[in-house]
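Survey of secondary and tertiary structure
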Amino acid sequence: MESYKHKKVISIGIVSELTGLSPRQIRYYEERQLIFPDRSKGTRKYSFADVEWLVEIANKREEGVQTREIRYEMMKEIRETMRKGQINAHFRSRM
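Everything quoted here is computed from the prediction, not taken from an experiment.

Take R44: it is sitting in strand β3 (residues 43–46). Side chain to side chain, R44 and E30 meet in a polar contact 2.5 Å long. Non-local contacts of R44, meaning those with residues more than four positions away in its chain, are made with I10, S11, I12, R27, E30, P37, D38 and R39.

Inspection of the secondary structure puts Y46 in strand β3. Residue classification places Y46 among the buried residues on the basis of a relative accessible area of 0%. Put simply, Y46 and S11 are 35 residues apart on the chain and 6.4 Å apart in space, counted from C-alpha to C-alpha.

With burial as the criterion, only one face of β3 is covered, namely that bearing R44 and Y46; the residues T43 and K45 on the opposite face remain uncovered. Pairing of strand β1 (residues 10–11) with β3, which is carried by 2 bridges, proceeds in the antiparallel orientation. Within β3, the residue paired with I10 across the bridge is Y46. Between strand β2 (residues 38–40) and β3, which pair antiparallel and follow one another directly, the connecting turn spans 2 residues, one of which, K41, has a positive phi of 55°.

Moving on: the pattern of salt bridges. Counting across every chain of the model gives 7 salt bridges. For the salt bridge of R44 with E30, the shortest nitrogen-to-oxygen distance reads 2.5 Å. Separated by 14 residues along the polypeptide, R44 in strand β3 and E30 in helix α2 (residues 23–31) bring together distant segments of the chain. Residue R44 is classed as buried on the basis of its relative accessible area of 19%. Note that E56 is salt-bridged to K60, the shortest N-O span being 3.9 Å. Note that E56 and K60 are positioned in helix α3 (residues 48–62) at a spacing of 4 residues, about one turn of the helix. With relative accessibility at 38%, the residue E56 sits in the partly exposed group. Through salt bridges with shared partners, one network takes in E30, R39 and R44.

Cut-offs applied
- Residues numbered from 1 in each chain as written.
- Predicted model: local features only at pLDDT ≥ 70, side-chain atom pairs only at ≥ 80, totals over all residues.
- Heavy atoms only, no water.
- Helix = DSSP H or I, 4+ residues; strand = E, 2+ residues; numbered from the N terminus.
- Polar contact = N/O pair within 3.5 Å; in protein donor to acceptor, adjacent residues only side chain to side chain.
- Contact = heavy atoms within 4.5 Å.
- Buried < 20%, exposed > 50% of the residue type's maximum accessible area, 1.4 Å probe, protein only.
- Pairing = 2+ DSSP bridges.
- Salt bridge = Lys/Arg side-chain N within 4 Å of Asp/Glu carboxyl O.

Now the structure itself:
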């Protein structure tokens, strides 16, 4: 079952209120491939995990971190998570 934290059900207006970011800023982070909302009939839908990530992005931006650096670190973390999953799967299959 999918965790409530990852269900994409929150509109951009609510995300804006929760994060303090404008809808324009949120769309910009989507354009920069830092956030990936679902779309339903043209409406963007976000999860609570997306909200947390947007707050983290905003904090990094306030510290002067460029969006390309944030994306690079994000992709590095994703690759590391995938690598760990592959290693774990390999050892589980040997048991």
